Amino acid sequence: MPRFERAAILERFQAMIARGEPIIGGGAGTGISAKCEEAGGIDLIIVYNSGRYRMAGRASSAGLLAYGNANDIVVEMAGEILPVCKKTPVIAGVNGTDPFVIMPVFLKQLKELGFSGVQNFPTVGIIDGTFRISLEETGINYASEIDMIRQAHELDLLTTPYVFSADEAVEMAKAGADIIVPHMGVTTGGSIGATTSKTLAQSVALIDDWAEAARRVRKDVIIIAHGGPISSPEDVDFVLRNSHHCNGFYGASSVERLPVEIAITNHIKGFKSLKARKQ
């Protein structure tokens, strides 16, 4: 259960970028997901509370609601997932808006557990409209998530925040973010995926716009796409071929829920297609 140093991770990723090799990250809501992702050669594994809901057959968006303490859930999941990851850095999803967390202490705890970095999830960035305005006005805001990333950077943890606009990309880059993850919305498809999303072409345009904004702050920022219509290897291929700045892909539902749905469904259909001898 090694913890990987930030400098070593970034050195490896920059070498991959130079070779034209995409960086692939994936969420793990169970130990078997993490084991299989590592066996497939994944570059980053992310543990956050939505993984627990997703792999329990609920929507990933359940991770945004009051069904459990997001930060406590990640710590609980650490015991299931960290021990089975032998050669892959594991990132913790951190609820940066939690007013009951002493953030420097919590981040040090995650580092001591074996996490190599952090991501801002749950995030208010997914929320919009009047409710988002109310959250921001009452101190439950994206600025808290930026500050969490800044504190994690100061602890030399790898930082891979979600961003939802060019302005947020700029602020996360200023906070020291190593990898900016343009979030295109809840992943579509499958039995519990969203049905409304941007198009792939729209996603590429936004990814490049936000990447350019972040790289005006720091040229070494890595860009990894996530969410919305980007869910299959073919979708990711489209993004990589058409984007000027995207360095890879981070999947959650797309790397563990959708493959499991397909595999188990087809496997059971195979059993059910068999014929038995009449008695």
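Here is what the cut-offs are and how they apply
- Along each chain, numbering runs from 1 in the same order as the chain's sequence is written.
- Note on the predicted model: pLDDT of at least 70 is required for a residue's local features to be given, and 80 or more for side-chain atom pairs to be given and counted; whole-chain, interface and lining totals, by contrast, use all residues.
- Here the side-chain values reflect all heavy atoms present in the structure, with hydrogen atoms and water set aside.
- Every residue gets a pLDDT, meaning the predictor's confidence in that residue, from 0 to 100.
- Working rule for contacts: check all heavy atoms of both residues, and any pair within 4.5 Å makes them a contact.
- To qualify as a helix, a DSSP run of H or I must reach at least 4 residues; to qualify as a strand, a run of E must reach at least 2; elements of each kind are numbered from the N terminus.
- An expected span of 1.5 Å times one less than the residue number is assigned to each helix.
- Each residue is assigned to one of three classes by its accessible area relative to the maximum for its type, calculated with a 1.4 Å probe on protein chains only: buried under 20%, partly exposed between the two thresholds, exposed over 50%.
- Of all possible arcs, the one meant is that of the directions from the helix axis to the C-beta atoms.
- One requirement defines pairing of two strands: DSSP has to find at least two bridges between them.
- The term nonpolar core refers to a set of buried residues drawn from Ala, Val, Leu, Ile, Met, Phe, Trp, Tyr and Cys, joined through side-chain atoms within 4.5 Å.
- Angles run from 0 to 180 degrees between N-to-C directions of axes, and those axes are lines fitted to C-alpha atoms, restricted for helices to the stretch in contact.
- By convention the crossing between two helices is left-handed if the near helix lies anticlockwise of the far one by an angle smaller than a right angle, and right-handed if it lies clockwise.
- Just so you know the grouping, Ala, Val, Leu, Ile, Met, Phe, Trp, Tyr, Cys and Pro go in nonpolar, Asp, Glu, Lys and Arg go in charged, and all remaining residues, Gly too, go in polar.
- Throughout, the protein atoms alone are placed on a 1 Å grid, and a set of points is a cavity if a 1.4 Å probe fits but cannot get out or a pocket if it is open with protein on both sides within 12 Å along at least five of seven lines; lining residues have an atom within 4 Å of a point.
- Grid points are joined across faces, edges and corners, and a volume is the space filled by probe spheres set on the points.

Caption draft 1: Representation of the confidence of the model for the protein within the structure. For the protein, per-residue confidence averages 94 on the pLDDT scale, and residues scoring 70 or more make up 96% of the total. Note on residues 189-196: pLDDT under 50 across the span, and 20 contacts to partners over four residues away in sequence or across chains.

Caption draft 2: Broad picture of helix 4 (residues 70-81). When the terminal C-alpha atoms of helix 4 are compared, their 16 Å separation across 12 residues agrees well with the 16 Å that a helix rising 1.5 Å per residue should span. Among the residues making up helix 4, those that are buried are A70, N71, I73, V74, M77, A78 and I81. Take helix 4 and look down its axis: the buried residues cluster within an arc of 155°, on one side only. For helix 4, the secondary structure elements touched by its buried residues are helix 2 (31-39), strand 2 (44-47), helix 3 (49-54), strand 3 (90-94) and helix 5 (103-113).

Caption draft 3: Region of interest: the pairing of strand 1 (residues 23-27). Of all five residues making up strand 1, four are buried, and the element is well covered by its neighbours. One ladder, built from four bridges, connects strand 1 with strand 9 (residues 248-251); its direction is parallel. Residue pairing for strand 9: I24 is matched across the bridge by F249. Taken together, the three bridges between strand 1 and strand 2 define a ladder with parallel strand orientation.

Caption draft 4: Layout of the nonpolar core. By size, the foremost hydrophobic cluster in this structure holds 75 residues, and its most contacted members are F115, V118 and I180. In terms of residues, this core owes the most to one element, helix 9 (residues 200-215), which gives six residues. Beyond its immediate sequence surroundings of up to four residues, F115 is in contact with R3, V47, V74, A78, L82, V90, I91, A92, L110 and L157.

Caption draft 5: How the structure looks around the packing of helix 8 (residues 166-174) against helix 9. Taken N-terminus to C-terminus, the directions of helix 8 and helix 9 make an angle of 35°; their axes are 8 Å apart at the nearest point. Between helix 8 and helix 9 the crossing geometry is right-handed. Along the contact surface, helix 8 presents A166, A169, V170 and A173, while helix 9 presents D209, W210, A213 and A214. Considered class by class, the residues forming the contact of helix 8 with helix 9 number seven nonpolar, no polar and one charged.

Caption draft 6: Layout of empty space enclosed by the protein. Inspection of every chain in the model, using the stated rule, returns one cavity of 30 Å³ or more. A volume near 60 Å³ is recorded for the largest cavity. In terms of lining, the largest cavity is formed by G25, L44, I46, Q119, T160, I179, V181, I224 and Y250. Elements with a minimum of two residues in the lining of the largest cavity: strand 2 and strand 7 (179-182). Looking at the lining of the largest cavity residue by residue, the class counts come to six nonpolar, three polar and no charged.

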